[in-house]
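Here's the letter readout for the chains.
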Amino acid sequence: MNRRDFIKIAGISAATSTAILYGCSPRKTSSSSSVTAEGEVPTDKMTYRTSPTTGDRVSLLGYGCMRWPLKPSPDGNGEVIDQDAVNGLIDYAIAHGVNYFDTSPAYVQGFSEKSTGIALSRHPRDKYFIATKLSNFSPDTWSREASLKMYHKSFADLQVDYIDYMLLHGIGMGGMDALKGRYLDNGMLDFLIKEREAGRIRNLGFSYHGDIEVYDYLLSRHDEIKWDFVQIQLNYVDWKHAKETNARNTDAEYLYGELHKRGIPSIIMEPLLGGRLSKLNDNLVARLKQRRPESSVASWAFRFAGSFPDILTVLSGMTYMEHLQDNLRTYSPLEPLTDEEMDFLEDTAQLMLKYPTIPCNDCKYCMPCPYGLDIPATLLHYNRCVNEGNVPKNRQDENYVKARRAFLIGYDRSVPKLRQASHCIGCNQCVPHCPQNIDIPKELHRIDQFVEQLKQGTL
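Cut-off values and rules
- Residues numbered from 1 in each chain as written.
- Predicted model: local features only at pLDDT ≥ 70, side-chain atom pairs only at ≥ 80, totals over all residues.
- Heavy atoms only, no water.
- Helix = DSSP H or I, 4+ residues; strand = E, 2+ residues; numbered from the N terminus.
- Rg over C-alpha atoms; globule rule 2.2 N^0.38 Å.
- Buried < 20%, exposed > 50% of the residue type's maximum accessible area, 1.4 Å probe, protein only.
- Lys, Arg positive; Asp, Glu negative; His and termini not counted.
- Charge placed at Lys NZ, Arg CZ, Asp CG, Glu CD.
- Salt bridge = Lys/Arg side-chain N within 4 Å of Asp/Glu carboxyl O.
- Pairing = 2+ DSSP bridges.
- Axes fitted to C-alpha atoms, helices over the stretch in contact; angles between N-to-C directions.
- Contact = heavy atoms within 4.5 Å.
- 1 Å grid on protein atoms, 1.4 Å probe; cavity = no way out; pocket = protein on both sides within 12 Å on 5 of 7 lines; lining within 4 Å.
- Points joined across faces, edges and corners; volume = space filled by probe spheres on them.
- Nonpolar A, V, L, I, M, F, W, Y, C, P; charged D, E, K, R; others polar.
- Core = buried A, V, L, I, M, F, W, Y, C linked by side-chain atoms within 4.5 Å.

Okay, the overall build of the protein chain next. Across its full length, the protein chain holds 17 helices and 12 strands. Rg of the C-alpha trace for the protein chain: 21 Å, near the compact-globule value of 23 Å for 459 residues, within the 12% margin. Its C-alpha atoms give the protein chain principal-axis dimensions of roughly 65 × 50 × 45 Å. Within the protein chain, buried positions represent 60% of all 459 residues. Separation between the mean location of the 53 positive side-chain charges and that of the 57 negative ones in the protein chain comes to 3 Å.

Following this line, the structure appears as structure tokens:
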């Protein structure tokens, strides 16, 4: 069933990105994620959706706490979360109607829950919903004891005595064997169901990446488990073309449709496809700007995600105030897409697919690299250069000199030399952690070889 059919049946209620890199070009371009709409940021016009199970009135814009702003560590050893900045972002979000905050023990190298808890605990508990996850990815956390320890630590770090939305994190990664090891054989799914009965979990769901067999299996048990929500990846590219961007993924049209059939509300992750839908190439940016000159590039993707009736909230990892403000404008209130605009975005998606980017969503699950590489920054720099047409195929390309210079200068600005792809030894420790199933060492070696050819002028 497509979106038009959903509209006829249910109707639509009418009333993150990633850190900015210097990118490929030495100058900022119109495809930068910093291109946002201007104008007033309303405080009382947020669009809300109501949960059919608990009656929660949830803001359509949800705050993804995966990419909190960082600052240099006081001891000079790496970076730490900028707590003052986090406090300011959360205060502003709540003041402008956002009440859903999504975190995990795995985010920001294990510190997101504590930072989010510090910021939110400064507000009345009934002003926000907290979503977190049982992120027992590593086999050494699969035991019941280790999983319970992680679960209870989330309460302590978040400074709460109940969790509003608890997720089995990233089911599908590792297939059925991982599902059994993480949640079934150790009794953790049964435990979480009992915690919901006791009121320490108000809503129980799962987030999905990867093996569709696992997704279908858990939904087949809905009558027994009674999932309160499910978190899926949905955007205007993945709606019909998920396998074209990543062979392991499943079209969002199917994922959403299966939830709709069962009356399970959806929570949306990756509405910007890891930021790629806010960093389109200049031709696609012009295409969108021609239609709505005052709207940001990102707003098209957020309007798409918000235009489906069974979506409870759309998550965005808003590292910067400008991103938060732009998304607030989009959803305060939401202007749903028309059928004609849906067709326009499908055409845009098909045009975007002509650019062979790496399906990195900047989730940073691959980090930290034991050899100090900045894996996401390297992959995202390459993707941005692809989008800007600055990845020359050979010296005969018309813009070879300009593209070569833009790629190399942008690379050094975006990624410190000691953290670039040339230092990858192929240890493969990052590979099992990638929700998108990217062969990270292979891509890093390919990028490094490309960089060397550009430097030597042998491409």
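Moving on from the model shown.
Summed over the entire model, instances satisfying the criterion amount to 22 salt bridges. The salt bridge partner of D157 is K114, with a shortest N-O separation of 3.5 Å. Here D157 is found in helix α4 (residues 144-158), whereas its partner K114 is found in helix α3 (residues 112-120), with 43 residues between them in sequence. The residue R221 makes a salt bridge to E224 at a minimum N-O spacing of 2.7 Å. Classification of R221 as buried rests on a relative accessible area of 17%. Each of the salt bridges in this network shares a partner with another, and the network as a whole consists of D56, R125, D164 and R202.

Time to look at the sheet that holds strand β3 (residues 61-64). Taking strand neighbours around the barrel as the criterion, the 8 strands line up as β3-β6-β7-β8-β9-β10-β11-β12 in a closed arrangement whose pairing is parallel. Across the sheet, the axes of successive neighbouring strands diverge by a mean angle of 30°, strand direction being ignored. In this sheet, strand β12 (residues 311-316) lies alongside β3 in parallel orientation, the contact comprising 3 bridges. When the bridges of β12 are listed, Y63 appears paired with S316. Here helix α5 (residues 175-184) sits on the sheet in contact with β7 (129-134) and β8 (163-171), set at roughly 150° to β8. Of the strands in this sheet, β7, β8 and β9 (201-208) touch helix α6 (residues 188-198), which is tilted by about 145° from β9.

Another point: empty space enclosed by the protein. The space that makes up the second largest cavity amounts to roughly 110 Å³. In this structure, the second largest cavity is lined by 15 residues; those nearest its centre are C360, C363, C366, C434 and I438. Looking at the lining of the second largest cavity residue by residue, the class counts come to 10 nonpolar, 3 polar and 2 charged.

Side chains S266 and I268 project from strand β11 (residues 266-269) onto one buried face, and the interleaved I267 and M269 project onto a second face that is buried too. The pairing of strand β10 (residues 229-233) with β11 spans 4 bridges and is parallel. Among the inter-strand pairings, Q233 is bridged to a residue of β11, identified as M269. Bridge count between β11 and β12: 3 bridges; the pairing is parallel. Bridge pairing in β12 links I267 to T313.

Here the focus is the nonpolar core. Of all hydrophobic cores here, the largest spans 95 residues; its most connected members are F101, F206, L234 and Y236. Among the elements that make up this core, the one with the highest residue count is helix α12 (residues 297-306) (7 residues). Those residues in contact with Y236, other than ones at most four positions away along the chain, are L277, L280, L288, A301, F304, L345, T348 and A349. Listed in part, the 30 residues of the second largest apolar core include C360, C369, L379 and L444.

Function cannot be inferred from these measures alone, as they are strictly geometric.
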